[in-house]
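What the coordinates show
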Amino acid sequence: RPLDEANPILDTQLEIGKIRARIAIIQRPLSPDGLAYAIRRHREEPWTLPLFIQNRMINPFTAGLLSFLIDGSRTLLVAGTRSSGKTSLLGSLMLEIIPKYRIIVIEDSLELPIESLRSLKYDILRMKVRSALLKTTTEVSADDGIRTSLRLGDSCLIIGEVRSLEAQALYEAMRIGALANVVAGTIHGASPYAVFDRVVNDLDVPTTSFKATDIIAVANPIKTSDGLHSWKRLVRLSEVRKHWQKDPLEEKGFVDLLQYNVEKDTLEPTEDLINGDSEIIKDIASSVKGWAGNWDAVYDNILLRAKVKQEIVNVAEKIKNFRILEAKFNTEANHAFHRISDEIRKEIGLPMGERVFPEWQKWLNQEIKKKKLV
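Report follows, based on the coordinates.

So, how was this worked out
Residues numbered from 1 in each chain as written. Predicted model: local features only at pLDDT ≥ 70, side-chain atom pairs only at ≥ 80, totals over all residues. Heavy atoms only, no water. Helix = DSSP H or I, 4+ residues; strand = E, 2+ residues; numbered from the N terminus. Rg over C-alpha atoms; globule rule 2.2 N^0.38 Å. Contact = heavy atoms within 4.5 Å. Areas by Shrake-Rupley, 256 points an atom, 1.4 Å probe, with all protein chains shown as cover. Lys, Arg positive; Asp, Glu negative; His and termini not counted. Charge placed at Lys NZ, Arg CZ, Asp CG, Glu CD. Buried < 20%, exposed > 50% of the residue type's maximum accessible area, 1.4 Å probe, protein only. Pairing = 2+ DSSP bridges. Axes fitted to C-alpha atoms, helices over the stretch in contact; angles between N-to-C directions. Left-handed = near helix turned anticlockwise from the far one by under 90°. Nonpolar A, V, L, I, M, F, W, Y, C, P; charged D, E, K, R; others polar. Phe/Tyr/Trp six-rings, centres within 6.5 Å; stacked < 30°, edge-to-face > 60°. Lys NZ or Arg CZ within 6 Å of the ring centre and 35° of its normal.

The next point concerns the overall build of the protein chain. Counting secondary structure elements, the protein chain contains 12 helices and 12 strands. Over its C-alpha trace the protein chain gives a radius of gyration of 21 Å, about what one expects of a compact globule, namely 21 Å for 374 residues. When the backbone C-alpha atoms are referred to their principal axes, the protein chain occupies close to 65 × 55 × 50 Å. Long-range contacts, defined here as pairs at least 24 residues apart, represent 59% of the contacts in the protein chain between residues at least 6 apart. Accessible surface, the protein chain as shown: approximately 17,900 Å² in total, 50% of it carbon and sulfur. Computing the positive centroid from 53 side-chain charges and the negative centroid from 51, the protein chain places the two 5 Å apart.

Given below as C-alpha cells:
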C-alpha cells in the first residue's frame, strides 16, 4: 500500500515472528510536521473466553451464552468504541466454532489470529481486501470479497470490521440465506441502536435487511470516578427481534439478554432471558431434538457451558498454571465437551448438565495429570 503525498495515510500491519502489530501512519500534507504513527501490538496468542473471565471482561454465564449462540449458528456483531476489545473478543469467539466447519475471514488489516487457529487445525481461508481509506489500489474491495466468499461453499463468515459499503453485500447475503453457519464481525457503536443507525443511515443497508442481525454484543471501557483508570468490559448483549417495521427502538426491536451492573462490575441476565422470552434462543432450540418447547433444558445447557468455562479458570488458579487458559487447551476442552455431550445425548436423549459436567471434569483432571501441568 502506498505512503506518499498523494496517499498520506497508511493503515497496515507489522509481523516479526509471532509478534503482530497494527500500524497507522500519516505524513505530509495531512501531517504538516512530518511523519506521525501509532502502533497497537496484538497478543501473541489468541484471547479465549476463559482468559476474558479471568480478566473480568465477561463472567462465566456470558461465556456460556456466547458459546451457545456460536454453536447455534447465529449472526452476531461485536460493537463498541475504539480500543474496547472488539477484535480480541471476536477472535475468542472463533475458537468456539467447531473445527469441522470451514471459516472464511475477510479483513482489510490482518488483526485476527489466523495463523494461531490454523496451528490448532482450524480450516481457515483468509481474504485481504482494500482498506476503506483507499480510493484506488490493486486490492479487491470488501464487498467483492464477501460476494466471492458465497461462491466458495458452505462456511462460517468472519468480517474483521464492518466499515463501509461491504455492509450492503453482507446483509444481502444474510437475507437470502446464503450463509448457513455463524456470521460474525465487529462494528463501531456504543449501543444496539447506534449500530442500527450506523448500518442503516451511514452504510445504506435497508431497514428490513438489518433484521438479519440476531445478536449485538457491546463492549466499552468502564472508567473510575477520578478518570485515571479504565477496564474493558462487555456491558450489554441484546437480541434483534424481527417483527418491527421502521424503528427498532420505538417498536421494541431490541431486547436485552444481559445488562451490566456497575455496582457489582458484572453482566447479569435480564428477566426476559431468565423467563425464556428470547426469540433467538427459542429459534435455536426449535431445531434441536429435546430442546423445542423445553426452556429448562436449553437454559441448563447454557449454565453447563458457563460451568465448564469457570472450571477451567478455577483449576488454572488452583494449580498456578495459566497455560490451560490459552487457545490450545481451550480448543481441546471444547472438543472434549462436544464429544461427551454427544455421548450423553445418544444415551439419554439430552446432554443434561448433571451428566455431562462430571464426565468432562474427569477428562479435565486426567488431561492435567497426563500433560504434567500440576
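This part is about helix α3 (residues 86–94). In terms of burial, α3 is largely enclosed, as 7 of its 9 residues are buried. What α3 keeps buried is the set K86, L89, L90, G91, S92, L93 and M94.

Time to look at the sheet that holds strand β1 (residues 9–16). Each strand in a sheet pairs with another by means of backbone hydrogen bonds, the pair being arranged parallel or else antiparallel. What the 3 strands build is an open sheet, ordered β1-β2-β3; its pairing is antiparallel. On the outer flanks of this sheet lie β1 and β3 (36–41), each paired with one strand and no other. Geometrically, the sheet is characterised by an average inter-axis angle of 20 degrees between neighbouring strands, direction not taken into account. Bridging between strand β2 (residues 19–26) and β3 involves 6 bridges; their strand directions are antiparallel. Bridge assignment links I26 to a residue of β3, and that residue is A36.

Strand order in the open sheet formed by 9 strands is β6-β5-β7-β8-β4-β9-β10-β11-β12, and the pairing between neighbours is mixed. The sheet is open, and its two borders are formed by β6 (124–128) and β12 (266–269), each paired with just one other strand. Neighbour to neighbour, the strand axes of the sheet diverge by 20 degrees on average, direction disregarded. Alignment of strand β11 (residues 254–261) against β12, held across 4 bridges, turns out to be antiparallel.

Close contact between helix α11 (residues 327–348) and helix α12 (residues 353–370) brings their axes to 9 Å; oriented N to C, the two are set at 145 degrees. Crossing handedness for the pair α11 and α12: right-handed. The residues of α12 that touch α11, namely those facing F329, E332, A333, A336, F337, R339, I340, S341, I344, E347 and I348, are R355, V356, E359, W360, W363, L364, E367 and I368. Here the residues of the contact of α11 with α12 are counted per class, giving 12 nonpolar, 1 polar and 6 charged.

All right, on to the packing of aromatic side chains then. The description of an aromatic ring pair uses the distance of the two centres, along with the angle that the planes make with each other. For the structure on display, the rule yields 12 aromatic pairs. Centre to centre, the rings of F196 and W244 are 5.8 Å apart; their planes meet at 85 degrees, and the pair counts as edge-to-face. Note that F196 is positioned in helix α7 (residues 192–202) and W244 in the loop between β10 (230–240) and β11, a separation of 48 residues in sequence. Assigned by exposure class, F196 and W244 land together as buried. Seen from their ring centres, W295 and Y299 are 6.0 Å apart, and the 35 degrees between their planes marks the pair as tilted. Placement of both W295 and Y299 in helix α10 (residues 295–319) is noted, with a separation of 4 residues, approximately one turn of the helix. With relative accessibility at 17%, the residue Y299 sits in the buried group. An aromatic cluster is defined as three or more aromatic residues linked by ring pairs; in this entry it consists of Y171, Y193, F196, F210, W244 and F254. In this arrangement the basic side chain of R43 is found over the ring face of W47, its NZ or CZ atom lying 5.1 Å from the centre. Taking the ring centre of W244 as reference, the NZ or CZ of K211 above it sits at 5.1 Å.

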